[in-house]
Structures are given as C-alpha cells and as structure tokens.
Amino acid sequence: RNTYTAMIDERVVLEGDLLEDFRLLPPRTIPDPTATMPDDWVEDAMIIDMNEVKPADWDVPREIPDPDAVAPDYWDEDEDGKWEPPMIYNPDYKGE
C-alpha cells in the first residue's frame, strides 16, 4: 500500500500514490543488448598511478611544540616526569 493522504483541519486536501507522485525510486531502464564497453576499458575500482608523489608539505601537523617554551624552574623530572612544551598552532598548516 504505497499511498499518502494530506489533511488540513481533518479535511483531505491531497492524496495519491507515492510511487507515481514522487521520485522515490530511480527510473527503470532497459538494458541495451548492443551496448559494449570500449576495448581499453579497465574494470578496476581504482587505478594506481605509479608516478604519483605526495607534496612536500603533505604531512604538516595542525599543532607543533612551542619552540620558545622552556621548562619552569620548579620542574623536577624525577617527580613530574619528562617536561613537554605546550602545543601551539602551526603556521605552515594549510588545513585538511
């Protein structure tokens, strides 16, 4: 049962068949028996380009350790562990 009914103030203002009135399904197609693939057609989903290289700035991180940061005087590596500088925005980062 693929029908619909639209009501306003309990009165039917629109009704019909979903499959006929709306494009819910793609149109039906009939296969063409004379259609053929080109001779050089490749069925692979992805073709690997052997000459492809990543750009030099491909793996630039969004944040980097602050090069100007220094460990505070009170930092004790025995108690607090190895000090790591805070992260800052990388000016070379160009986005995703």
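Everything discussed here concerns the structure shown above.
Please read all numbers here as calculations on a predicted model, not as lab measurements. (Residues numbered from 1 in each chain as written. Predicted model: local features only at pLDDT ≥ 70, side-chain atom pairs only at ≥ 80, totals over all residues. Heavy atoms only, no water.)

*Asks:* Please clarify how unusual backbone geometry should be interpreted in this entry.
*Replies:* Among all residues save glycine, negative phi is the norm, and among peptide bonds the norm is trans. Positive phi outside glycine occurs at Asp-9, with the angle close to 50°. Summarising the element assignment, Asp-9 is placed in the loop between strand E1 (3–8) and strand E2 (11–17). Assessed through its relative accessible area of 71%, Asp-9 is described here as exposed. Its identity as a non-glycine residue notwithstanding, Glu-10 has a phi of 65°, on the positive side. Mapped onto the elements, Glu-10 comes out in the loop between E1 and E2. (Helix = DSSP H or I, 4+ residues; strand = E, 2+ residues; numbered from the N terminus. Buried < 20%, exposed > 50% of the residue type's maximum accessible area, 1.4 Å probe, protein only.)

*Asks:* Sorry if this is basic, but what is going on with the side chain of Asn-90 here?
*Replies:* Tracing the backbone shows Asn-90 in the segment after strand E4 (87–89). Reaching out from Asn-90, the side chain makes a polar contact with the backbone oxygen of Pro-61 at a distance of 2.9 Å. Look past the residues within four positions of Asn-90 in its chain and what remains in contact with it is Val-60, Pro-61, Arg-62, Glu-63 and Ile-64. (Polar contact = N/O pair within 3.5 Å; in protein donor to acceptor, adjacent residues only side chain to side chain. Contact = heavy atoms within 4.5 Å.)

*Asks:* How should I be thinking about a nonpolar patch on the surface in this particular structure?
*Replies:* There is a patch of nonpolar side chains on the surface, built from Leu-19, Phe-22, Leu-24 and Leu-25 and spanning about 410 Å² of accessible area. Within the element layout of this structure, Leu-24 appears in the loop between helix H1 (18–21) and strand E3 (63–65). (Patch = residues over 30% accessible without salt bridge, like charges linked within 9 Å, V, L, I, M, F, W, Y side chains within 5 Å. Areas by Shrake-Rupley, 256 points an atom, 1.4 Å probe, with all protein chains shown as cover. Salt bridge = Lys/Arg side-chain N within 4 Å of Asp/Glu carboxyl O.)

*Asks:* Is there a simple way to explain the pairing of E1 in this structure?
*Replies:* On any regular strand, side chains alternate: one points to one face of the sheet, the next to the other face. By the bridge criterion, 6 bridges tie E1 to E2 in an arrangement that is antiparallel. Residue pairing across strands places Tyr-4 opposite Gly-16, the latter belonging to E2. Where E1 folds back onto E2 in an antiparallel hairpin, the turn is made up of 2 residues, including Asp-9, whose phi is positive at roughly 50°. (Pairing = 2+ DSSP bridges.)

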